[in-house]
Amino acid sequence: MIDFKGSHFERDVILWGVRWYVAYPMSYRQLEEMMEERGVEVDHSTLNRWVVKYAPLLEKQFHTRKRSIGSSWRLDETYVKVKGCWKYLYRAVDKAGGTVDFLLTAKRDCKAALRFLRKAIDQHGEPEKITIDKSGANTAAIERYNAEHEADIEIRRIKYLNNIVEQDHRAVKRVTRPMLGFKSFRSAAATLSGIELMHMIRKDQLRTRGELRPAQQFYALAA
């Protein structure tokens with residue numbers, strides 16, 4: 001259970017604010033106006049603190065109830081602007097489009113790709129194969145992982161098979177575009193965890209009891 005003690009606002013109000021921000025393309029000032037229209041006066045800076053604090057906790061809860069993913073992955077990275085500089089969001093999906101994992105990194109190199117790969121495998125186990133683009137860093141990372149763990153992950157470079165992860169980036173970019181970049185790496189990582197969480201829920205990757213709408217699934221994670 002996520003602890004909301006010490007907050008000046010009720011749990012439901014906090015969850016509204018967090019979900020709306022990570023689910024829809026908007027700025028904090030737009031969200032502030034939306035909350036005010038519903039009778040809640042809260043500053044945009046407070047909304048930012050809610051997202052940074054609670055989005056990672058909700059995403060962590062999600063992983064305890066996440067549906068299993070396939071053993072054939074598509075790995076790619078996209079760009080995210082932090083403090084005016086481009087950073088890199090590593091992401092992988094399985095062949096059905098389910099999100100495997102994601103990681104924001106400062107650099108785009110073998111070390112960053114290997115860190116992402118280890119994180120994804122810790123969560124889901126080793127895949128049978130990974131499809132990538134022509135990135136030398138991603139190739140080196142998979143080869144290094146295979147050597148270190150005596151694994152036999154197959155590396156594939158088939159452009160059209162990676163279209164699914166490239167298309168999947170768009171759902172995340174659509175939400176981040178109105179944010180006009182992040183002010184800190186920590187804020188970016190926390191916010192992206194919430195955006196990815198909502199995206200996975202919409203892709204029906206949360207194990208649930210009965211039929212629940214995406215919003216209900218999101219709120220249930222805090223219970």
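The structure contained in this document is the topic of the report that follows. (Residues numbered from 1 in each chain as written. Predicted model: local features only at pLDDT ≥ 70, side-chain atom pairs only at ≥ 80, totals over all residues. Heavy atoms only, no water.)

### A closer look at the overall build of the protein
Then, number 1: On a plain count of helices and strands, the protein comes out with 8 helices and 5 strands.
Then, number 2: Taking 2.2 N^0.38 as the reference for a compact globule, 223 residues should give roughly 17 Å; the C-alpha atoms of the protein span a radius of gyration of 18 Å, in line with that estimate.
Then, number 3: Taking the principal axes of the C-alpha coordinates as reference, the protein spans close to 55 × 45 × 30 Å.
Then, number 4: Within the protein, the fraction of its 223 residues that count as buried is 49%.
Then, number 5: In the protein, 63% of the contacts between residues at least 6 apart in sequence involve partners at least 24 apart.
Then, number 6: Across the protein, the mean location of the 40 positive side-chain charges is 2 Å away from that of the 29 negative side-chain charges. (Helix = DSSP H or I, 4+ residues; strand = E, 2+ residues; numbered from the N terminus. Rg over C-alpha atoms; globule rule 2.2 N^0.38 Å. Buried < 20%, exposed > 50% of the residue type's maximum accessible area, 1.4 Å probe, protein only. Contact = heavy atoms within 4.5 Å. Lys, Arg positive; Asp, Glu negative; His and termini not counted. Charge placed at Lys NZ, Arg CZ, Asp CG, Glu CD.)

### Brief notes about helix α2 (residues 28–37)
Then, number 1: Within the sequence span of α2, burial applies to Y28, L31 and M35. When α2 is viewed along its axis, its buried side chains cluster within an angular range of 55 degrees and face the same direction. With respect to the buried face of α2, the exposed residues turned more than 90 degrees away are R29, E33 and E37.
Then, number 2: If you follow the buried residues of α2, they end up packed against α1 (11–23), α3 (44–63) and α7 (185–202).
Then, number 3: Directly after α2, the chain includes G39, whose backbone phi takes a positive value near 85 degrees. (Arc of directions from axis to C-beta.)

### Some details on the packing of α2 against α3
Then, number 1: Closest axis-to-axis distance for the α2/α3 pair is 9 Å, and the angle between their directions is 105 degrees. Taken together, α2 and α3 sit at an angle that is classed as roughly perpendicular. In contact with Y28, R29, L31, E32 and M35 of α2, α3 contributes H44, L47, N48, W50 and V51.
Then, number 2: Looking at side-chain class alone, the contact of α2 with α3 contains 6 nonpolar, 2 polar and 2 charged residues. (Axes fitted to C-alpha atoms, helices over the stretch in contact; angles between N-to-C directions. Parallel < 35°, antiparallel > 145°, perpendicular 65-115°, else oblique. Nonpolar A, V, L, I, M, F, W, Y, C, P; charged D, E, K, R; others polar.)

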